[in-house]
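Residue-level listing of the chains:
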Amino acid sequence: MLKVKPRNGLRGMGLTGWVLAALIGCASMGVVPLATVTAQAAEAVRDAASAARELQLEGARLQLQGRPDLAVKKYKESLALQPNPRLDSLVQQLETPENKQQSAPAAPAVVEQVAPPSPEPAAPPAEAVVVDQAAPGGPPAGQGQQATSASPPAAPVAIPPEPPVAERKPATPEEALIYAFTDWAIGLLPPPGHNKDVGLKTNRNYGVVPVDGGYEVRLEPCTLIMDEKNSVEFGPVVFRFKPQDADVLAVTVRLPDKAPVIEAGKPVAELTLGRQEISGVWDRRQMNFTRMDAKLGDLVLEDIAKTGRLSLKELALNGVAGKGEQDSWTEKMQAQADGLAFVGKEVDFKLAKIATQAEVNGANATRSYALRQSLQRGLNRMDQLPRPELKQLLADFDEYMQLLGAYTGSMSIQGLQSTSKGDVFSLESVELSGGLRKDAQAEKFVYHSKGALNNFAYAEGKTPEKTQPVATSLRHVGLVGEGAVKTPPPHLFADLFVAIEGMDKTPPEQSDAYLAKHGMQFVQKVLALIEGYSSEISLEDLRVVNAQPAPVTLDKAILSGGFTAGGGDGGTAHTRVHFSGFKGMAPEAGNMPESANVQLEVKKIPSLLKLVSSPAALAAGNMQQVQGELMINGMNALMTSGLTLSLTDSFVAFPATRLTLALMAVADQKAKYFSTGEMKLVVENPEEFLRIARSLSADPETEKTLATITALADRREENGKVADRIDAKVDGAGQVFINAKDVTAMFFPPPAQQQAPQQTPPPVQVK
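Analysis parameters
Residues numbered from 1 in each chain as written. Predicted model: local features only at pLDDT ≥ 70, side-chain atom pairs only at ≥ 80, totals over all residues. Heavy atoms only, no water. Helix = DSSP H or I, 4+ residues; strand = E, 2+ residues; numbered from the N terminus. Buried < 20%, exposed > 50% of the residue type's maximum accessible area, 1.4 Å probe, protein only. Contact = heavy atoms within 4.5 Å. Areas by Shrake-Rupley, 256 points an atom, 1.4 Å probe, with all protein chains shown as cover. Patch = residues over 30% accessible without salt bridge, like charges linked within 9 Å, V, L, I, M, F, W, Y side chains within 5 Å. Salt bridge = Lys/Arg side-chain N within 4 Å of Asp/Glu carboxyl O. Pairing = 2+ DSSP bridges. Phe/Tyr/Trp six-rings, centres within 6.5 Å; stacked < 30°, edge-to-face > 60°. Lys NZ or Arg CZ within 6 Å of the ring centre and 35° of its normal. Axes fitted to C-alpha atoms, helices over the stretch in contact; angles between N-to-C directions. Parallel < 35°, antiparallel > 145°, perpendicular 65-115°, else oblique. Nonpolar A, V, L, I, M, F, W, Y, C, P; charged D, E, K, R; others polar. Expected span 1.5 Å × (residues − 1). Polar contact = N/O pair within 3.5 Å; in protein donor to acceptor, adjacent residues only side chain to side chain. Core = buried A, V, L, I, M, F, W, Y, C linked by side-chain atoms within 4.5 Å. pLDDT = per-residue confidence, 0-100.

1. A few points about the overall build of the protein
Looking only at helices and strands, one finds 16 helices and 28 strands in the protein. Burial status across the protein gives 39% buried among its 767 residues. By sequence separation, contacts in the protein at least 24 residues apart represent 62% of the contacts at least 6 residues apart. For the protein, the accessible surface area stands at approximately 41,300 Å², while carbon and sulfur atoms represent 57% of it.

Written out as structure tokens, the structure is:
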């Protein structure tokens, strides 16, 4: 059957990606202010684009002839007529000293397919700041603005040519706008091959036809290539257009009613679309949709042998992007699928509803969306980026993080039921939400997440071999998380590239030391941004019927933990394990705890970033020296930090006995044993506790420990129960007190007193 592989570079990249991904596999989104431009300006730009194209082709011929100096001259003349970031990058590469000195034939020239011209005002000179509006698959936006580098760029990289496209000769500005949209839409997926997981095979030399007061484009064939064996025949795809102004286009899309699924050249399944309404509004100035609405109904995917049938009653998707005050921007998306079902020979699956929604916002709409398009294009070809474009990509990421404001998203799943070979699985609902927002005053990003799973149930089918099948139910699972990171500095990743450039100038024998130094510096910068994180997962009402050797029940369980990064007072870490109402799985009655709570906290944790004082030993691979530094620096940091460990509200309760423990220990370099501490231990019904402990462990050391506790404990009756109590303390002088008695000698025996040897009197001298 059909196997779908995600196209990693297109994840989470905007409104079109949110919406069209469900229809054709991937897309992207951006938004800029709306405006109108005259048709006369469109004609002027179209003429300039044609002349720029001729100059670029002439320069390419000169470059292929081994005359890069003349090629650069023609390229610059082309750039003066029409901005082209990719061509600008090529000019920078050809002008490097290394390339000027080459006498061999030049590398193949980069000859782009020129996108239909946008009706924009005349372009600024090549040296001016240029906002990228290149065709899909072009270089990152803003390349002309920030691609300068103190070090020489890498040699020109030959970019695989796109399939030949006939020269565009739009008769009207409206047709030019339609060509721009259709080329952009087709470019969202690469042609087959190109080492991509997903590709699109279609007629890229399409035509624009006037129809019913608007225009129409038919793409046929239109084959979505999933991998080397699988594809879906979506042709013909019909676009209808009605221009709204010089740059805004109303678009409707018509997919075929049936789409065959092909595997190894043979149809294996068929997708049927019963109802469809797909429309949107596209803006050429941002090269993306500002609004998209889609409704698909009565969808059915069935294999040719009719062994399985997947159906969907309705799928609705819509998204909108808008501009707010002070050039802020917001994108919103929501999608919902109702009545999803699969029926096979031995499987019956139903899902009542799945819904998702997301919102993202930020500042400087025009620049934010140009940056995002740049990042998307760069990530899609990350393994092919030459050094100048990689530098620009990192700089764009830095800038985009400064402009990003917040992201929120949620997902809901309702009414899931599945039956397979007699086993029954059901889930009432899943609710997930989370987000990231920038706190401008605190200069940090704050993260939060929340989730809930409700009424899960699973029951094995009854068979002659399973007369008492196991059934499991869980009423609720809860998830909570929150954290914060400081806003990254404006040049965090750009500085990383500076280090990469420095590596090129470093002698090979010094490269390891260079990498160790700058690698540690970058890691320290990143870790310094982290302020903290905490999470908690909880379970309620777990029941396992017919479990062996006994049914299992658990009323509640909680597992939580987290940390805060150290400032002047050091870092903290905490964890908690709690459960109650636990029964079952006991080898002997009363030997398993019914409830427990362990709550541990560590404060004033020294910074781990300072444990290695110098990267020299790390670079040299001298692990013995590294271990020595870690030990010395770690011990020194520990002794001077005032590290505090505390165990509070902690207990383990059995049916007939209970152990309660509280502990606090503080690192103190002035103390005799470098720490002080207190401990309180109470054991109710101690004889029962001793029985359980001995039944769980026959280790002689365990027996010694139990005997010591019994000997030191103060046994008394409390609230009608016998209890052993131990109150222990170690002070700075090294004295140990248990229940107010000094027992130091028991734990730290004094050294044996040495007796002075007897002196033999000197012999008597006889005169």
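2. So, a nonpolar patch on the surface
A surface patch of nonpolar side chains, about 530 Å² in accessible area, is lined by Met411, Leu432, Leu479, Ile537, Leu559, Val577 and Val598. Locating isoleucine 537 in the fold gives a position in strand β18 (residues 530-545).

3. A look at unusual backbone geometry
A cis amide bond, omega -5°, links glycine 235 with the succeeding residue proline 236. Residues glutamine 548 and proline 549 are joined by a peptide bond in cis, for which omega reads 5°. Positionally, proline 549 belongs in the loop between β18 and β19 (552-567). Despite not being glycine, aspartate 541 has its phi angle at roughly 55°, a positive value. Relative to the helices and strands, aspartate 541 resides in strand β18. For asparagine 739, which is not glycine, the phi torsion reads 50° and is therefore positive. Examined against the element boundaries, asparagine 739 turns out to sit in the loop between β27 (736-738) and β28 (741-742).

4. Considerations on the pairing of strand β12 (residues 329-344)
Two elements, strand β11 (residues 308-323) and β12, share 15 bridges in a ladder whose sense is antiparallel. Bridge pairing in β12 places glutamate 314 opposite aspartate 338. Connecting β11 to the next strand, β12, in antiparallel fashion are 5 residues, including glutamine 326 with a positive phi near 55°. Bridge analysis of β12 against strand β13 (residues 347-362) gives 14 bridges, and the strand direction is antiparallel. What sits directly across from glutamate 331, in β13, is valine 360. Hairpin connection between β12 and β13: a loop of 2 residues separates the two successive antiparallel strands.

5. With respect to the packing of aromatic side chains
To describe a pair of aromatic rings, one takes the distance between the centres and the angle between the planes. With the rule as written, the count across this model stands at 16 aromatic pairs. Between phenylalanine 579 and phenylalanine 582, the aromatic rings sit 6.1 Å apart at their centres with planes inclined by 80°, giving edge-to-face as the arrangement. Taken together, the ring pairs connect Phe181, Trp184, Phe239, Phe241, Trp282 and Phe289 into an aromatic cluster. A cation over a ring is seen here: arginine 658 above phenylalanine 651, with NZ or CZ 4.0 Å from the ring centre.

6. Details of the packing of helix α10 (residues 492-504) against helix α11 (residues 511-529)
Contact geometry of α10 with α11 gives a least axis separation of 10 Å together with a crossing angle of 175°. As judged from the angle between their axes, α10 and α11 are roughly antiparallel. Two secondary-structure elements touch here, α10 through Leu492, Phe493, Asp495, Leu496, Val498, Ala499, Gly502 and Met503 and α11 through Ser511, Tyr514, Leu515, His518, Phe522, Lys525 and Leu529. Taken together, the residues of the contact of α10 with α11 sort by class into 10 nonpolar, 3 polar and 2 charged.

7. A few points about helix α15 (residues 700-712)
Relative to the 18 Å expected for 13 residues at 1.5 Å per residue, α15 spans 19 Å between its end C-alpha atoms, a close match to the ideal helical length. Taking the backbone nitrogen of glutamate 701 as reference, a side-chain oxygen 3.1 Å away marks aspartate 699 as the first, capping residue of α15.

8. What about the packing of helix α9 (residues 387-403) against α10?
For any two helices packed against each other, the geometry is given by the interaxial angle and the distance between the axes. Where α9 contacts α10, the two axes come as close as 7 Å, and the packing angle between them is 155°. As judged from the angle between their axes, α9 and α10 are roughly antiparallel. Here α9 contributes Arg387, Leu390, Lys391, Leu394, Phe397 and Asp398 to the contact with α10, which in turn contributes Leu492, Phe493, Ala494, Phe497, Ile500, Glu501 and Asp504. Residues that form the contact of α9 with α10 fall into these classes: 8 nonpolar, no polar and 5 charged.

9. Looking at the nonpolar core
Residues Phe181, Phe241 and Trp282 are the most contacted members of the largest nonpolar core, which totals 49 residues. When residues in this core are grouped by element, the largest group, 8 residues, is from helix α7 (residues 173-187). Apart from the residues lying within four places of it in its own chain, the contact partners of phenylalanine 181 are Phe239, Phe241, Leu249, Val251, Trp282 and Phe289.

10. What to know about α10
Along α10, the positions that sit buried rather than exposed are Leu492, Phe497, Ala499, Glu501 and Gly502. As for α10, its buried residues are in contact with α9 and α11.

11. Things to note about the pattern of salt bridges
Throughout the structure, instances matching the rule amount to 31 salt bridges. We note a salt bridge from aspartate 504 to arginine 387, for which the minimum N-O separation is 2.5 Å. One end of the pair, aspartate 504, is in helix α10; the other, arginine 387, is in helix α9, and 117 residues separate them in sequence. Among the salt bridges present, the one from lysine 444 reaches glutamate 531, with a minimum N-O distance of 3.4 Å. In this pair, lysine 444 sits in strand β16 (residues 444-459) while glutamate 531 sits in strand β18, placing the two residues 87 residues apart along the sequence.

12. Let's talk about the pairing of strand β9 (residues 266-283)
Pairing geometry for strand β7 (residues 248-254) and β9, over 6 bridges, is antiparallel. Note on β9: the bridge partner recorded for valine 253 is isoleucine 278. Looking at chain direction, strand β8 (residues 258-263) and β9 are connected through 6 bridges and run antiparallel. Paired with proline 260 across the strands is glutamate 270, a residue of β9. Note: β9 against strand β10 (residues 288-303), 14 bridges, orientation antiparallel.

13. Things to note about the confidence of the model for the protein
Summarising the model, the protein shows a mean pLDDT of 79, and 76% of its residues fall at 70 or more. Across the protein, β7 holds the top mean pLDDT of 97, while helix α6 (residues 143-146) sits lowest at 35. Across residues 1-46 the pLDDT falls below 50, and counting only partners more than four positions away or on other chains, this stretch makes 141 contacts in the model.

14. A word on the environment of leucine 690
Looking at the secondary structure, you find leucine 690 in helix α14 (residues 686-696). Since its relative accessible area comes to 8%, leucine 690 is described here as buried. Once residues lying within four places of it in the same chain are set aside, the contact partners of leucine 690 are Leu706 and Thr710.

15. Here's the deal with the environment of leucine 529
Mapped onto the elements, leucine 529 comes out in helix α11. Expressed as a C-alpha distance, the spacing of leucine 529 and lysine 444, which sit 85 residues apart in the sequence, is 8.7 Å. Apart from the residues lying within four places of it in its own chain, the contact partners of leucine 529 are Val485, Lys486, Thr487, Pro488, Pro489 and Leu492.

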